[in-house]
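# Reading the structure
Here is how the chains run, residue by residue.
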Amino acid sequence: MRKLSIRISALLMIIGLTGCFAEDYDVGVPKAYLLADDSLRGQPMPLTEANITWSSSSGEVVETIEDTEEFGLSQEVTTVSPNQPASLDFKENEENGGDIWTDPTITASLWKDGEETELELNESREFHFPQTVGDYVLEVKFIDRDDEAQYVGNIIIERLAETGNDEAK
């Protein structure tokens, strides 16, 4: 009787553990955010999905934008200063129950008039905007195995107006 009890307990444990292994970790398209490191903005700024090729158990997502630079310039404007520090963040897509990414490759660059300027990201996905003022499209690529997502944002790099006591009275 005791051996039967041990066998039944072991069988129940194996069945319970098998349920853990069979969980559906649906690796859907993540949401991308730009965090500009200044005291004026405390909230992450969402970046807009552009070209997406992503497969998961929830289905396949394929989105194609013909002219990503033009599309990026049509997005809401984010103003930053020259050489301003910033970082990128990615959150799970809550619509599909959670994501697990395996060491994704993330790149970022700025586009202006068809010319690309790559941004150097550190391991924490931090970078500095360039010194050159102007209107840019921020392009971020997130590649995880066979899945790829591209995000864009409309960025204006401008020098902040200096304030002083010499204003007209």
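These lines cover the structure that appears in this document, whether it is placed above or below.

What counts and how
Residues numbered from 1 in each chain as written. Predicted model: local features only at pLDDT ≥ 70, side-chain atom pairs only at ≥ 80, totals over all residues. Heavy atoms only, no water. Helix = DSSP H or I, 4+ residues; strand = E, 2+ residues; numbered from the N terminus. Buried < 20%, exposed > 50% of the residue type's maximum accessible area, 1.4 Å probe, protein only. Core = buried A, V, L, I, M, F, W, Y, C linked by side-chain atoms within 4.5 Å. Contact = heavy atoms within 4.5 Å.

### So, unusual backbone geometry
A negative phi holds for most residues other than glycine; trans holds for most peptide bonds. Non-glycine residue Arg125 carries a positive phi angle of around 65°. Within the secondary structure layout, Arg125 lies in the loop between strand S8 (115-119) and strand S9 (126-128). Judged by its relative accessible area of 28%, Arg125 falls in the partly exposed class. Here Arg145, not a glycine, exhibits a phi torsion of approximately 55°, which is positive. Here Arg145 shows up in the loop between strand S10 (134-144) and strand S11 (147-157). Accessibility expressed as a relative area gives 59% for Arg145, which makes it exposed.

### Observations regarding the nonpolar core
Residues Leu34, Leu88, Phe129, Leu138, Val140 and Tyr151 are the most contacted members of the largest nonpolar core, which totals 26 residues. Of all the secondary structure elements, the ones that give two or more residues to this core are strand S1 (31-36), strand S3 (48-56), strand S6 (85-91), strand S7 (105-112), S10 and S11. Once you skip the residues sitting within four places of it in the chain, Leu88 turns out to touch Tyr33, Leu34, Leu35, Leu47, Ile106, Ala108, Leu121, Arg125, Phe127 and Val140.

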